[in-house]
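Fold and geometry: a report
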Amino acid sequence: MASELAAGLASRDVVETTARRPGRMPLLRAWSWSWPKLAAIALAVAAWQVVVWTGWKPDYVLPGPGPVFQRLARDLGNPNFDLGVVITLRRALVGYAIAVAIGSVAGILVARIAVLRKAIGSAILGLQSMPSIAWFPLAILLFGLNETAIFFVVILGAAPAIAGGLLSGVDHVQPLLVRVGRVMGARGLGLYRYVILPAALPSFVGGLKQGWAFAWRSLMAGEIIGIVGHQLSLGQQIQFARDFADAEQLLAIIIVIFVIGVVIDSLFGTLDRGIRRRWGLLGAEA
Amino acid sequence: MSNILQLSEKHSLSVERLTVAFPHDDRLLLALEGVTLEVERGELVCIVGASGSGKSTLLNILAGLDEPTAGRAHVHGRVALMFQEAALLPWLTAAGNVELALELRGVKRPARVEFARELLHRVHLDGFEKRLPHELSGGMKQRVALARALAQDADVLLMDEPFGALDAITRDRLHEELERIWTETGLTVLFVTHNAREAVRLGDRVLVFTSRPGRVGHEVKVDLARPRSLDSPELAVIAGRITDRLKHEMTPNGE
């Protein structure tokens, strides 16, 4: 709570200073945004290089950044590799979309219906802390070793977090706003549409973000454990790279997976900040 | 029932032997006991009471947000309710908040935009239509809330200490605006406050509530000409008498 407040105050300062200096150069802003990240990357690569130079492990087990980045560049020019990225991203998006649908509907139902809440409200929380890959063996038995089993794990990973975010958002809507909605004549679903759901949106987006993280993890675990068909998904390629003791390839794929995770997470971060600003949760007070 | 319907020809709002009890620990706490009052159409009536006199409870029941334990409360026509906090929906602009009230009342979109601008103009917020609530000052927020209440096209406006959190100057201006809007629209207003001066400033009548349980202890008719000034000696005299009453009610053996 305190750190949230501190973050809120800090970003409020940022908002105010940028507002006061509208003429600040965009290039300068981009630089001040990106240099800490670039520095962190440079440090991590340097540390990696140093470890390699110490000769702790032979080159074919732990190659240095140079050969790995060269390999990565070659991989990205290889249509089969790119196809793998596409396959994995497609699975992630489809699985995540289904999880969003299921999680949202479940969240609203549990929030609306008292019996359901008593019955499975805490189960949703419990499911959130369960590593969804633990469902994978069951999923293989149920659906066979195929894409459906992978979707099953992805959905079980993401949907509870999404439902949980929505549920906690609905729970924490200011009672006063609900009363205002009722005075204005909103009842039942109308109250949800006009007041409760918009008020719950910041928390819902938090759930979406967490759900994405769970979906991405579950997908990677699923793809590595379960080799499905002969599609060269990222998880499958990483597994093959290990089987062939191709450390360069392995590290190149890890970088790809990491970058995809960071990019999508930062998209959610932008969405999250935008909504919080609009909702007045971190904007400057007049 | 029939005699209430008769009353409503002339009365905009009538409350009959209203009692409200809340469970508290393992006993019942009486918030209101046997409250009877009537407000005529177009009247501006203030209720003054210390905290614990059940003023807000009364408004909630009149607005249909709570149920009485016994007795009845009847409002003729539509009700709007304003709170001490503006309670604007934070994700909607000033105009958006007003438009939502219009939308829930069934006003179609093109008319809504125009109408909302007109209402905001009425509370002197021209140019602030696109502002979000957190970009507005406390007084401006309450103005938006007032515009939103007007958007509900209510016959009765219930106000629960709406200006209690504002500074004196802002409050003064909002008194003027409320009075002006009330005169223009012929609204019936029931205004709750704990400030005797504010009550005398605004009310045709002032009802003084007792505390724990809340009852109508005393009624004062205010015959001062409008617009009144908070600082006028006549007003101060009446307010002083009401304040004495309140103090009297608050002493343990008050009645």
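Calculation criteria
Residues numbered from 1 in each chain as written. Chains lettered and ligands numbered in written order. Predicted model: local features only at pLDDT ≥ 70, side-chain atom pairs only at ≥ 80, totals over all residues. Domains from an automatic or database assignment. Contact = placed C-beta atoms within 7 Å. Helix = DSSP H or I, 4+ residues; strand = E, 2+ residues; numbered from the N terminus. pLDDT = per-residue confidence, 0-100. Pairing = 2+ DSSP bridges. Core = buried A, V, L, I, M, F, W, Y, C linked by C-beta atoms within 7 Å. Buried ≥ 20, exposed ≤ 12 C-beta atoms within 10 Å, placed from the backbone. Axes fitted to C-alpha atoms, helices over the stretch in contact; angles between N-to-C directions. Parallel < 35°, antiparallel > 145°, perpendicular 65-115°, else oblique. Nonpolar A, V, L, I, M, F, W, Y, C, P; charged D, E, K, R; others polar.

**A look at the domain arrangement of chain B**
All names here are of chain B. Assigned domains within chain B: domain 1 (10-77 + 155-255) and domain 2 (89-152). With nine residues of domain 1 at the contact, the number on the domain 2 side is seven residues. Looking at the side of domain 1 that touches domain 2 element by element, the count peaks at four residues for helix α6 (residues 168-185).

**Things to note about the confidence of the model for chain B**
Residues and elements named next belong to chain B. Per-residue pLDDT for chain B has a mean of 85; in total, 94% of the residues score no lower than 70. When the criterion is pLDDT under 50, residues 1-8 qualifies, and its contacts beyond four places in sequence or with other chains add up to eight contacts. Scoring the predicted complex yields pTM 0.80 and, for the interface, ipTM 0.84.

**Some thoughts on the pairing of strand β2 (residues 27-40) of chain B**
Each regular strand carries side chains that alternate between the two faces of the sheet. Residue and element names in this part refer to chain B. With ten bridges connecting them, strand β1 (residues 11-24) and β2 associate as antiparallel partners. The partner of His11 across the bridge, within β2, is Glu40. Turn length for the β1-β2 hairpin, with the two strands adjacent in sequence and antiparallel, is two residues, and the turn residue Asp25 shows positive phi of about 50°.

**Some words on the nonpolar core**
Counting residues in each nonpolar core, the largest one holds 121 residues, and the members touching the most others are Ala158 of chain A together with Val98, Leu158 and Ile242 of chain B. Looking at which element gives the most residues to this core, the answer is helix α7 (residues 147-171) of chain A, with 16 residues. Excluding anything up to four places from it in sequence, Leu158 of chain B contacts Leu59, Leu62, Ala63, Val79, Ala80, Leu81 and Leu190 of chain B.

**Looking at the sheet that holds strand β3 (residues 44-48) of chain B**
Residues and elements named next belong to chain B. The sheet built from six strands is open, its strands ordered β5-β6-β7-β3-β8-β9 with mixed pairing. Whereas interior strands pair on both sides, the edge strands pair on one side only; in this sheet they are β5 (79-82) and β9 (216-221). Geometrically, the sheet is characterised by an average inter-axis angle of 15° between neighbouring strands, direction not taken into account. Relative to strand β7 (residues 188-193), strand β6 (residues 156-160) is paired through five bridges, and the arrangement is parallel. Directly across from Val156, in β7, lies its bridge partner Thr188.

**Regarding the interface of chain A and chain B**
Facing the 18 residues of chain A at the interface are 21 residues of chain B. When contributions to the side of chain A that touches chain B are tallied by element, the ones reaching two or more residues are α8 (175-183) and α9 (188-225) of chain A. Of all the elements, α8 of chain A adds the most residues to the side of chain A that touches chain B, at six residues.

**Observations regarding the packing of α9 of chain A against helix α11 (residues 247-278) of chain A**
Residue and element names in this part refer to chain A. Viewed as axis vectors pointing N to C, α9 and α11 meet at an angle of 175°, and their least axial separation amounts to 9 Å. With respect to α11, the element α9 is oriented roughly antiparallel. Of the residues in α11, those touching α9 at Leu201, Pro202, Val205, Gly206, Leu208, Lys209, Trp212, Trp216 and Met220 are Ile257, Gly261, Ile264, Phe268, Leu271, Asp272, Ile275 and Arg276. Taken together, the residues of the contact of α9 with α11 break down into twelve nonpolar, two polar and three charged.

**Regarding the pairing of β1 of chain B**
Two strands pair when backbone bridges link them, and β1 of chain B and strand β4 (residues 70-75) of chain B are joined in this way by five bridges, in the antiparallel orientation. Considered in β4 of chain B, the bridge of Thr19 of chain B is made with Ala70 of chain B.

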